Amino acid sequence: MAIFIRLQPSTFKVEGQQERWIARTVSQGEVHTNEIAKMIESNTSFKKADVIGVLTELVDTMTRELQDGKTVVLDGFGRFHLSVQSTPAERPQSFSIKKNVRSVKCNFVPAGYRDSQDNRLRKTFLAETDVKMQPKYKKEKA
């Protein structure tokens, strides 16, 4: 299994310096709930309808718990929590939720483990990921 990258010019320009290039991942498509349910059905004794029901209820339950200010931890998968993006206020008294809070976003931190060899944190989804250059690719629509 591998993820593919392509190079693109950096949008961070420094006057007097040569253009820099950065790597961006190239999506190989999407997998939706229905396809995931079929895959789980083929690897377990659960029926596709049961898997879809559980995944739907998981989303509903996670939404309620996140909106109650809790961090949702799916053991072996990762942690989800909500955070806000805000513009600064000059003084605490001038801070207004309506004026200063720009958006609410959901953060995800994948589960991980400490490597006994070098004590580094390894993320479960990232372990042994191979990175390759995308062979010919079409330009993505902006």
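**Student:** I would appreciate a short explanation of the side chain of Gln 8 in the present structure.
**Tutor:** Assignment of secondary structure puts Gln 8 in strand 1 (residues 2–9). Polar contacts involving the side chain of Gln 8 include one to the side chain of Arg 6, which spans 3.1 Å. What Gln 8 contacts, discounting residues up to four positions off in sequence, is Arg 20, Trp 21, Ile 22 and Arg 24.

**Student:** What should I look at first to understand the packing of helix 1 (residues 33–43) against helix 2 (residues 48–67) in this one?
**Tutor:** Two measures define how a pair of helices packs: the angle their axes make with one another and the distance between the axes. Remark: helix 1 packs on helix 2, axes separated minimally by 8 Å, with the N-to-C direction vectors making an angle of 125 degrees. Our classification of the angle between helix 1 and helix 2 gives oblique. Here the hand of the crossing between helix 1 and helix 2 comes out right-handed. Note on element contacts: helix 2 touches helix 1 through Lys 48, Val 51, Ile 52 and Leu 55, opposite Thr 33, Asn 34, Ile 36, Ala 37, Lys 38, Ile 40 and Glu 41.

**Student:** Got a minute to help me understand the side chain of Gln 134 in this structure?
**Tutor:** Among the secondary structure elements, Gln 134 is positioned in the segment after strand 8 (130–133). On the basis of relative accessibility, which here comes to 18%, the residue Gln 134 falls in the buried class. At 3.1 Å, the side chain of Gln 134 and the side chain of Gln 28 are in polar contact. When neighbours within four sequence positions are excluded, Gln 134 is seen to be in contact with Phe 4, Ile 5, Val 26 and Gln 28.

**Student:** Looking at this model, I keep getting lost on the sheet that holds strand 8. Mind explaining?
**Tutor:** Spatial ordering of the open sheet is given by 2-1-8, a layout of 3 strands whose pairing is mixed. Looking at strand neighbours, the two that pair on one side only are strand 2 (21–26) and strand 8, the edges of this open sheet. On average, each strand axis in the sheet is inclined to that of its neighbour by 40 degrees, with strand direction left out of account.

**Student:** When you look at unusual backbone geometry in this model, what are you seeing that I'm missing?
**Tutor:** Most peptide bonds take the trans configuration, and most residues that are not glycine carry a negative phi. For Asn 119, which is not glycine, the phi torsion reads 60 degrees and is therefore positive. Of note, Asn 119 is situated in the loop between strand 6 (112–114) and strand 7 (121–123).

**Student:** Can you help me understand helix 2 in this one?
**Tutor:** Note that an α-helix has 3.6 residues per turn; residues three or four places apart therefore point the same way. Between its first and last C-alpha, helix 2 extends 29 Å over 20 residues, near the 28 Å set by a 1.5 Å rise per residue. Turning to helix 2, its buried residues are Val 51, Met 62 and Leu 66. Within helix 2, the buried residues cover an arc of 30 degrees as seen down the axis, which keeps them to one side. Facing away from the buried side of helix 2 by more than 90 degrees, the exposed set consists of Ala 49 and Gln 67. Looking at the buried residues of helix 2, the elements they touch are helix 1, strand 3 (72–74), strand 4 (78–86) and strand 5 (101–110). A positive backbone phi angle near 85 degrees is found at Gly 69, which sits one or two residues after helix 2.

What counts, and at which threshold
- Residues numbered from 1 in each chain as written.
- Predicted model: local features only at pLDDT ≥ 70, side-chain atom pairs only at ≥ 80, totals over all residues.
- Heavy atoms only, no water.
- Helix = DSSP H or I, 4+ residues; strand = E, 2+ residues; numbered from the N terminus.
- Polar contact = N/O pair within 3.5 Å; in protein donor to acceptor, adjacent residues only side chain to side chain.
- Contact = heavy atoms within 4.5 Å.
- Axes fitted to C-alpha atoms, helices over the stretch in contact; angles between N-to-C directions.
- Parallel < 35°, antiparallel > 145°, perpendicular 65-115°, else oblique.
- Left-handed = near helix turned anticlockwise from the far one by under 90°.
- Buried < 20%, exposed > 50% of the residue type's maximum accessible area, 1.4 Å probe, protein only.
- Pairing = 2+ DSSP bridges.
- Expected span 1.5 Å × (residues − 1).
- Arc of directions from axis to C-beta.

Geometric values such as these leave the question of function open.
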